[in-house]
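So the chains spell out like this:
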Amino acid sequence: MVEITGKTRLLGVIGHPVRHSFSPLMHNAALAEMGVDCSYVALPVKPDELEVAIAGFAAIELVGFNITIPHKQSILPLLTSVSEVAQAVGAVNTVWWMSEETGEPPGWRGTNTDVEGFLAPLQRMERDWNGAIAVVLGNGGAARAVVAGCAMLGCSEIHVVGRNAAKLEAFAASWSGSQYGKNLQVRTWEGLSDLMPKADLLVNTTPVGMAPKVEASPVDAEVMAKLKAGAIVYDLIYVPNPTRFLALAQERGAVAIDGLEMLVQQGAAALRIWTGREDVPVEIMGCVLRSHLGLS
Ligand code: NAP
């Protein structure tokens, strides 16, 4: 643990509720390992107090903060600038203070490291993702980061599967004109069986299979049996580990990726921004989380 002194700076995560967050655990472990004189805390901020909270954070010189529900979208107009990818996703999860010393107007800058977090395990695989076909289950907030990530990988088709036709249409429309939405198509669940034999990457972004309903899977064994051989199957859920969805995929011989990696990697990407350092101890962050969640 780094000793807290008068020089210690503050980082945090804002949300409402936010006390359940695992971020303080993994960030403080990483900060201690890196010897960075910062402390990371959970900061509850009610929706109607977001603007005043952000102004207060500037006044007390917070280094930066993460953002969780319900502020990921509503914070956008309160920031001095927002990265291109966060604008496309429509959500910010990481903010940092840019001082006038940089030559830029001082203010809060925002980006979305969920995209980088999602991509990290895929990019490590040394696969050629150009021209790959991705199937994304669900069309909520996390699906937006996944769609942007699949587009960055070079996927030639990105199929988003949802249960509500009107929401799917709105989802598709929200990407029109975006470079990340060029290869996007939306389908209802009835269309999933036809997509399985051509999917190189299948991603679950629905909460189906999360604890405590651990026996549920967004894809049943019969449909999973249609999955293309050698496909990568990715579940954004991290408890249980593996989910039923990933277990079914593994039975089919697929390579499985769980949501813990994304959680850790989005945090590591934020730490790189705040500290300006590349030597973020990703393994320690993962170990701390696994042990806390009883997964190791
Ligand atoms: P969200 O915005 O509420 O979106 C959930 C999506 O799942 C919606 O499209 C919803 O459909 C669909 N859905 C919900 N229940 C369903 C069901 N029974 N059958 C079929 N579809 C269903 O939530 P989110 O923020 O995207 O998060 C989704 C999941 O990703 C959660 O489990 C979350 O923990 C996980 N996540 C993990 C990470 C990570 O770092 N590993 C990061 C972000 C999120 P409708 O739109 O029709 O309601």
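Remember, it's a predicted structure, so these values are computed and weren't measured experimentally. (Residues numbered from 1 in each chain as written. Predicted model: local features only at pLDDT ≥ 70, side-chain atom pairs only at ≥ 80, totals over all residues. Heavy atoms only, no water.)

Chemist: How would you summarise the packing of helix 1 (residues 23-34) against helix 11 (residues 282-292) if you had to cite specific residues and measurements?
Modeler: Contact pair helix 1 / helix 11: the axes reach a minimum separation of 9 Å and the direction vectors enclose 140°. As far as their axial angle goes, helix 11 and helix 1 are oblique. Here the hand of the crossing between helix 1 and helix 11 comes out right-handed. Contact with helix 1, carried on its side by Leu-25, Met-26, His-27, Ala-29, Ala-30 and Glu-33, involves Ile-284, Met-285, Val-288, Leu-289 and His-292 of helix 11 and no other residues of that element. In the contact of helix 1 with helix 11, the residues fall into 8 nonpolar, 2 polar and 1 charged. (Axes fitted to C-alpha atoms, helices over the stretch in contact; angles between N-to-C directions. Helix = DSSP H or I, 4+ residues; strand = E, 2+ residues; numbered from the N terminus. Parallel < 35°, antiparallel > 145°, perpendicular 65-115°, else oblique. Left-handed = near helix turned anticlockwise from the far one by under 90°. Contact = heavy atoms within 4.5 Å. Nonpolar A, V, L, I, M, F, W, Y, C, P; charged D, E, K, R; others polar.)

Chemist: Tell me what's going on with the site of the ligand, and back it up with residues and numbers.
Modeler: Lining the immediate environment of the ligand, one finds 20 residues, of which Asn-139, Gly-141, Ala-142, Leu-236 and Gly-259 sit closest. Asn-139 places a main-chain nitrogen or oxygen 2.9 Å from an oxygen atom of the ligand. Relative to its free-state accessible area of 920 Å², the ligand is covered by the protein chains to the extent of 72%. The cavity that encloses the ligand is the largest pocket. Every element with two or more residues in the shell around the ligand is listed here: helix 5 (141-153) and helix 10 (259-275). At 3 residues, helix 10 tops the list of elements feeding residues into the shell around the ligand. Residues that form the shell around the ligand fall into these classes: 10 nonpolar, 8 polar and 2 charged. (Near = heavy atom within 4 Å. Polar contact = N/O pair within 3.5 Å; in protein donor to acceptor, adjacent residues only side chain to side chain. Areas by Shrake-Rupley, 256 points an atom, 1.4 Å probe, with all protein chains shown as cover. 1 Å grid on protein atoms, 1.4 Å probe; cavity = no way out; pocket = protein on both sides within 12 Å on 5 of 7 lines; lining within 4 Å. Sits in = over half its atoms within 2 Å of the grid points.)

Chemist: Now, about the nonpolar core: what can you tell me, with residues and values included?
Modeler: Ranked by internal contacts, the top residues of the largest apolar core, which has 34 residues, are Phe-118, Leu-122, Cys-150, Trp-175, Leu-201 and Tyr-234. Counting residues per element, the ones that place at least two in this core are helix 3 (84-89), helix 4 (113-123), strand 7 (133-137), helix 5, strand 8 (157-162), helix 6 (165-174), strand 10 (201-204) and strand 11 (232-235). Per-element tally for this core: the top contributor is helix 5, with 7 residues. Both domains that meet at this core, namely domain 1 (9-112 + 261-292) and domain 2 (116-257), each give it at least three residues. With sequence-adjacent residues up to four places away left out, Trp-175 is seen in contact with Ala-88, Val-89, Arg-144, Val-147, Ala-148, Tyr-180, Gly-181 and Leu-184. (Core = buried A, V, L, I, M, F, W, Y, C linked by side-chain atoms within 4.5 Å. Buried < 20%, exposed > 50% of the residue type's maximum accessible area, 1.4 Å probe, protein only. Domains from an automatic or database assignment.)

Chemist: Please set out the pairing of strand 7 residue by residue, giving values where relevant.
Modeler: The side chains of a regular strand alternate between the sheet's two faces. With 5 of 5 residues buried, strand 7 lies mostly within the body of the structure. The alternating pattern of strand 7 places Ile-133, Val-135 and Leu-137 on one face and Ala-134 and Val-136 on the opposite face, and all of these are buried. Two elements, strand 7 and strand 8, share 5 bridges in a ladder whose sense is parallel. By the bridge assignment for strand 8, Leu-137 is matched with Val-161. Tracing the backbone out of strand 7, into helix 5 and back to the parallel element strand 8 gives a crossover that is right-handed. Pairing between strand 7 and strand 10: 4 bridges, direction parallel. Paired with Leu-137 across the bridge in strand 10 is Asn-204. (Pairing = 2+ DSSP bridges. Right-handed = clockwise from strand over helix to strand, strands pointing away.)

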